[in-house]
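# A structural walkthrough
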Amino acid sequence: MLRSGYTLATIEAELTTRHFAEQLDETQRKQLIKAGATTELLDAIQSGKFAIPKDELEKSRRKMEQQEHDRELMADQAKKNDAVYEKQLLRQRSRTLTQGTDTIADSASGNLVRFQNGNVVSFDESDLSQKKIYGLYFSAHWCAPCRKFTPQLVDYYKQVERDHPEFEIIFISNDKSAEAMATYMRESNMPWPAIDYDKLANLPSLQKYAGKGIPDLVIVDPSGKILADSFVAGKYVGPAKVLDDLSAILTRASSTQLAANRQ
């Protein structure tokens, strides 16, 4: 019975109702011991005398039932854990895909500063991933046309900032030093973030949008697709033209969002 898969408890219960004796040779004893038989069980088989008190049998039965119940609970919990784990994986994959498509935020993250209270300080990037339209502004303090255009850009930004929280400008400096960049940000009262001067050389993913001259304003979506540019087919059309294009882009974005809210 042991070799057939019966439990020791089942065999002992069977022996309380059946009395038989069997001569066991050494080989048989070793095989039964290997199968899980106790010395008492072997002696009982040979003597034909084996009895277990009824209360012991009942205790054994309850124990077996509890063990089976515990196994069922463990199996059920394992299934629930697997389901939770799968959901976690799906959420993680979703976050990874979302983050992966926002190449502008990924490139800028951890590299942004802003001018505040007379100092260049770290920029709070908590809302950066919510942006849908970026203006990459390549400019410098030494550039006279830049200093002329920047106040116009500041005024435009302040006009649209409240109604278009999905829009952000990122200043990418062409200045000769961090001090010159800070001076430019202070004198122009730039309200938008800028790439930290010391990290400019390490961001080719953003520098690739720069044209052959400044001021250069490039409008892109989160994936980096160019929506408007100061250079068109290699010809410089200027940042003022980009502002006109940007107004149309923001208007379309507002209409699309309004239509989505109505659905």
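## Focus on the nonpolar core
- By size, the foremost hydrophobic cluster in this structure holds 49 residues, and its most contacted members are Tyr137, Ile170, Phe171, Trp192 and Ile195.
- Top element by residues in this core is helix 6 (residues 144–160). It accounts for seven residues.
- Leaving out residues up to four positions away in the same chain, phenylalanine 171 has contacts with Tyr137, Ser139, Met181, Tyr184, Met185, Met190, Trp192, Pro193, Ala194 and Ile195.

## Let's talk about the environment of leucine 227
- Along the chain, leucine 227 turns up in strand 7 (residues 226–229).
- Put simply, leucine 227 and isoleucine 249 are 22 residues apart on the chain and 8.1 Å apart in space, counted from C-alpha to C-alpha.
- Non-local contacts of leucine 227, meaning those with residues more than four positions away in its chain, are made with Ile219, Val220, Asp221 and Ile249.

## Let's talk about the pairing of strand 3 (residues 133–139)
- Among the seven residues of strand 3, seven are classified as buried, and the element is accordingly described as predominantly covered.
- Burial of the side chains of strand 3 extends over both faces: Ile133, Gly135, Tyr137 and Ser139 are buried on one face and Tyr134, Leu136 and Phe138 on the other.
- Where strand 3 meets strand 4 (residues 167–173), seven bridges bridge the pair, whose relative direction is parallel. Within strand 4, the position partnered with serine 139 by the bridge is serine 173.
- Running through helix 6, the crossover from strand 3 to the neighbouring parallel element strand 4 is right-handed.

## Concerning the pattern of salt bridges
- The final tally for this structure, using the stated rule, is three salt bridges.
- Arginine 162 is paired through a salt bridge with aspartate 163; the nearest N and O atoms lie 3.6 Å apart.
- Note that aspartate 245 and lysine 241 form a salt bridge whose closest N and O atoms lie 3.0 Å from each other. In this pair, aspartate 245 and lysine 241 are both assigned in helix 9 (residues 239–262), four residues apart and thus about one turn of the helix distant.

## Some details on the environment of lysine 241
- By relative accessible area, lysine 241 is classed as partly exposed at 39%.
- Each C-alpha atom, one on lysine 241 and one on phenylalanine 231, is 9.9 Å from the other, the two residues being ten residues apart in sequence.

## Considerations on helix 6
- With 17 residues, helix 6 should cover 24 Å at 1.5 Å per step; its first-to-last C-alpha distance of 25 Å lies within 8% of that length.
- At threonine 150, helix 6 shows its maximal bend, which comes to roughly 25°, and the proline proline 151 appears one to four places after that position.
- Among the residues making up helix 6, those that are buried are Cys146, Phe149, Thr150, Leu153, Val154, Tyr156, Tyr157 and Val160.

## Side note on the environment of glutamate 125
- Among the structural elements, glutamate 125 can be located in the loop between strand 2 (119–122) and strand 3.
- Residues glutamate 125 and leucine 112, 13 residues apart in the sequence, show an inter-C-alpha distance of 7.9 Å.
- Ignoring anything within four residues of it in the chain, the contact list for glutamate 125 reads Ala108, Ser109, Gly110, Asn111 and Leu112.
- At 2.8 Å, the side chain of glutamate 125 and the backbone nitrogen of glycine 110 are in polar contact.

## Some words on the side chain of asparagine 111
- Mapped onto the fold, asparagine 111 is located in the loop between helix 5 (103–108) and strand 1 (112–116).
- For asparagine 111, the contacting residues outside a window of four places in its chain are Glu125, Ala194, Ile195, Asp196, Lys199 and Leu203.

## Considerations on the confidence of the model for the protein chain
- Scored by pLDDT, the protein chain comes out at a mean of 81, with 70% of its residues at no less than 70.
- Counted against residues more than four places away or in other chains, residues 92–100, with its pLDDT under 50, gives two contacts.

## Considering the packing of aromatic side chains
- In this structure the tally under the stated criterion is seven aromatic pairs.
- Between tyrosine 157 and tryptophan 192, the aromatic rings sit 5.4 Å apart at their centres with planes inclined by 75°, giving edge-to-face as the arrangement. Here tryptophan 192 lies in the loop between helix 7 (178–188) and strand 5 (194–195) and tyrosine 157 lies in helix 6, a separation of 35 residues in the sequence. Taken individually, tyrosine 157 and tryptophan 192 each receive the classification buried, so the pair is uniform in this respect.
- Aromatic ring contacts, followed pair by pair, group Tyr137, Phe149, Tyr157, Phe167, Phe171, Tyr184 and Trp192 into a single cluster.

How each quantity is defined
- Residues numbered from 1 in each chain as written.
- Predicted model: local features only at pLDDT ≥ 70, side-chain atom pairs only at ≥ 80, totals over all residues.
- Heavy atoms only, no water.
- Core = buried A, V, L, I, M, F, W, Y, C linked by side-chain atoms within 4.5 Å.
- Buried < 20%, exposed > 50% of the residue type's maximum accessible area, 1.4 Å probe, protein only.
- Helix = DSSP H or I, 4+ residues; strand = E, 2+ residues; numbered from the N terminus.
- Contact = heavy atoms within 4.5 Å.
- Pairing = 2+ DSSP bridges.
- Right-handed = clockwise from strand over helix to strand, strands pointing away.
- Salt bridge = Lys/Arg side-chain N within 4 Å of Asp/Glu carboxyl O.
- Expected span 1.5 Å × (residues − 1).
- Bend = angle between axes of the 7 residues up to and from the residue.
- Polar contact = N/O pair within 3.5 Å; in protein donor to acceptor, adjacent residues only side chain to side chain.
- pLDDT = per-residue confidence, 0-100.
- Phe/Tyr/Trp six-rings, centres within 6.5 Å; stacked < 30°, edge-to-face > 60°.

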